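Structural description and commentary
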Amino acid sequence: MNIMNTSNPVHPLKSQAKVLLSSVFGPYAQDDEYGSRKINPMELYHNQVTRVQGPFSLRLFHRSFGLMLLQANIDAPCTLLDFPTLTRFTDEIQSHSYDIVGISSIIPNIGKAKKMCEVIRKYLPKATIVVGGHIASIPNLYTIIDADYIVKGDGVSWFRRFLGQDENVPVRHPIVLSAFGGRIFGITLSKRNTAAILIPSVGCPVGCNFCSTSALFGGKGKFINFYETGDSLFSIMCQIEKELKSRSFFILDENFLLHHKRALRLLELMEQHNKSWSLFVFSSVKALKFYTVKQLVGLGISWVWIGLEGENSQYAKLKGIDTHSFVRDMQSHGIRVMGSTIIGLENHTTENIDQIIDWAVSHDTDFHQFMLYIPAPGTPLYEQLLKEGSLLSEEECPTADRHGQYRFNYRHKHIYNGQETEFLLRAFRRDFEINGPSIARMIRTMLIGWKRYKNHPDPRIRNRFEWEIKKSIDYYTGAAWAIKKWYRKDELMSKKIISLLQDLYKEFGWKTRIMASLLGRGLYFAMKREAKKLANGRVYEPSTFYEKNAKALKE
């Protein structure tokens, strides 16, 4: 019998139950019967940001952090199987007697979650099946997949209750890098440049009407802080730094800087303990404006994701803000900016879509994400369009295609007949054609920050900017050399890259000039090889991870 998580069930074996946690099975970058789509690979940046940048596209994978957080907080013997194939998942179910199997999935992968439940029922008929993640927002999901419990929102508290644990003890944070399998130009990136993941909270206080993350945790104003204070946050960051030897953190939090008191206390502790950390954050522009530039630089804010929804959008978070000046100001302090623009808002039409795209592209952000305006289940937008009768049926738009990078799952008032697909690609292409490869833009911003702060009176600030650029300056200059050669027949782009390269030579001297030529040649030929492979259909898939906690290792 399928049961929603409205009650507080406890498993009979409590913390003696053997638990398997799994993401949905791969491969992912292909069209298959279970809902995978070639245009929706398991690569966030390549899928949603550098999608049309060919060999310049940043290719990397992110672990299933929600499952890792669950495993870190389960006292029962727990095994984590991340990115398995269907065969590998089936083998695991057949060869081990698990009492509980938890599956996490996004909405488009509902077909895979359904298949995994069928496999579990066949080989482990007595096991309890728990399904969570964004898929839990689908109305009446229990009529589609054969799960015992569908958990929406905070899985840590739910699993602790289910296993008879104290749900109020402090959350234990997984110690892991934010990405793996990084590649660009077809060359594998070093792990030493990868930030650690940090998850201070889930949910979002802002709650935009299309935000599935906000809806998953209760809607606008609802969020769960795992670390309420700057002191508790600083403590876990020190632990992560010690274990991973990492001084940069990718903060997986919808609006980290909205927690103003916590952030300023963190800054105070960083100053007291001389921590030159780099923080990569998501934030609204309004939240950023609560801080002085001195505070942002002191906190080590090195990369920021901001929404740029358009001049006339309904979203108040940009009202009265000159976003162009704001982006330029951030970049002038070495802060890389990733803009995010939605295509297909209510006021977008076939007549004004080029103006919308040009406005976004004119910000010249270091990276730019484009997504379609999609009503995900559970969001206010979904409820609004459901009430209006505008949502498309499963036959008209399969759930597997409802991922924001292909088509609408509803009838737009002004955009129809699949026009949105071309508009989305147009946005990506125009950003790339006008502003060039994101890696070159990123190097430019980092150089600006270095020149501004290399002689800063605070050694902690100087140290961070020196560490950020000097650890990879030969690679960056070689990349600029290779990009210059790539664009040698493009007058405007060539001029931009030559200017960047000359600035790098001027700043770092003759040794860098020599290394640029040597490394650049290798990178250029690597680009050519990668471009050819991609043209021939090359795709990337994540590796499978198989991890046991301490109790599971003793079994």
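Rules of the game
- Residues numbered from 1 in each chain as written.
- Predicted model: local features only at pLDDT ≥ 70, side-chain atom pairs only at ≥ 80, totals over all residues.
- Heavy atoms only, no water.
- Phe/Tyr/Trp six-rings, centres within 6.5 Å; stacked < 30°, edge-to-face > 60°.
- Lys NZ or Arg CZ within 6 Å of the ring centre and 35° of its normal.
- Buried < 20%, exposed > 50% of the residue type's maximum accessible area, 1.4 Å probe, protein only.
- Helix = DSSP H or I, 4+ residues; strand = E, 2+ residues; numbered from the N terminus.
- Pairing = 2+ DSSP bridges.
- pLDDT = per-residue confidence, 0-100.
- Contact = heavy atoms within 4.5 Å.
- Axes fitted to C-alpha atoms, helices over the stretch in contact; angles between N-to-C directions.
- Salt bridge = Lys/Arg side-chain N within 4 Å of Asp/Glu carboxyl O.
- Disulfide = S-S within 2.5 Å.
- Core = buried A, V, L, I, M, F, W, Y, C linked by side-chain atoms within 4.5 Å.

**Here's the deal with the packing of aromatic side chains**
If you walk through the whole model with that rule in mind, you get 29 aromatic pairs. Judged by centre distance (5.4 Å) and plane angle (55°), the rings of Y149 and W158 are tilted. Among the aromatic residues, those joined into a cluster by ring pairs are F56, F185, F432, Y475, Y476, W486, Y487, Y524 and F525. The ring of Y546 carries the charged tip of R88 above its face, separated from the ring centre by 4.7 Å. Above the face of the Y524 ring, K485 is positioned so that its terminal group lies 5.2 Å from the ring centre.

**Here's the deal with the pairing of strand β13 (residues 248-251)**
Residues S248 and F250 of β13 are buried on one face, and the alternating residues F249 and I251, pointing to the opposite face, are buried as well. Pairing geometry for strand β10 (residues 196-198) and β13, over three bridges, is parallel. The residue bridging I197 from the neighbouring strand is F250, located in β13. With three bridges connecting them, β13 and strand β14 (residues 278-282) associate as parallel partners.

**Considering the confidence of the model for the protein**
Per-residue pLDDT for the protein averages 93, and the proportion of residues at 70 or more is 97%. Segment residues 1-6: pLDDT under 50, and 17 contacts once partners within four positions in sequence are set aside and those in other chains are kept.

**A word on unusual backbone geometry**
Note that the residue after G26, namely P27, is joined by a cis bond; omega there is 0°. Inspection of the secondary structure assignment puts P27 in the loop between β2 (19-23) and α1 (44-48). Positive phi, close to 45°, is recorded for K14, a residue that is not glycine. Considering the arrangement of structural elements, one finds K14 in the loop between β1 (3-4) and β2. A relative accessible area of 44% means that K14 is categorised as partly exposed. Despite not being glycine, N417 has its phi angle at roughly 60°, a positive value. Considering the arrangement of structural elements, one finds N417 in the loop between α13 (380-388) and α14 (419-435). Given a relative accessible area of 74%, N417 falls into the exposed group.

**Details of the sheet that holds strand β15 (residues 301-307)**
The strands making up a sheet associate through backbone hydrogen bonding, with each pair oriented either parallel or antiparallel. Taken together, the six strands give an open sheet; going across it, the order is β10-β13-β14-β15-β16-β17, and neighbouring strands pair in parallel fashion. Both edges of this open sheet fall to β10 and β17 (367-372), since each of them pairs with a single strand only. Ignoring strand direction, the axes of neighbouring strands in this sheet form an average angle of 20°. Packing of α14 onto the sheet brings it into contact with β16 (336-343) and β17, and relative to β17 it is tilted by some 175°.

**What about the pattern of salt bridges?**
Under the definition given, this model contains 25 salt bridges. For R63, the salt bridge goes to D82, with nearest N and O atoms at 2.7 Å. Residue R63 is located in the loop between β3 (59-61) and α2 (65-72), and its partner D82 is located in strand β4 (residues 78-82); the two are separated by 19 residues in the primary sequence. Across the pair, exposure class does not vary: R63 and D82 are buried alike. The shortest N-O distance in the salt bridge between D146 and R121 comes to 2.9 Å. With D146 in the loop between β6 (128-132) and β7 (149-151) and R121 in helix α4 (residues 110-123), this residue pair connects regions lying 25 residues apart in the sequence. Residue D146 is classed as partly exposed on the basis of its relative accessible area of 35%. A cluster of three or more residues bridged by salt bridges with shared partners is formed by D354, D358, E422, R426 and R430.

**Re the sheet that holds β3**
On the basis of which strands lie adjacent, the open sheet formed by three strands has the order β3-β8-β9 and antiparallel pairing. Each edge of the open sheet is held by one strand with a lone partner, namely β3 and β9 (187-188). Where strand β8 (residues 180-184) lies against β9, two bridges are found, and the strand directions are antiparallel. Paired with R183 across the two strands is T188, which belongs to β9.

**What about the state of the cysteines?**
Simply put, the disulfide is a covalent bond whose two ends are the sulfur atoms of two cysteines. Counted under the stated rule, the structure contains zero disulfides. Cysteine C117 shares no disulfide, and the gap to the nearest cysteine sulfur, in C78, comes to 17 Å. Summary of cysteine pairing: C204 is not part of a disulfide, and the nearest cysteine sulfur, belonging to C211, is at 5.6 Å.

**Looking at the nonpolar core**
One finds F159, L257 and L266 to be the most contacted residues of the largest nonpolar core, which totals 114 residues. Counting residues per element, this core draws most heavily on helix α18 (residues 491-535), which supplies eleven residues. Once residues lying within four places of it in the same chain are set aside, the contact partners of L266 are G230, L233, F234, M237, F256, W277, L279 and L299. With 34 residues, the next largest nonpolar core counts Y28, Y98, I110 and M116 among its residues.

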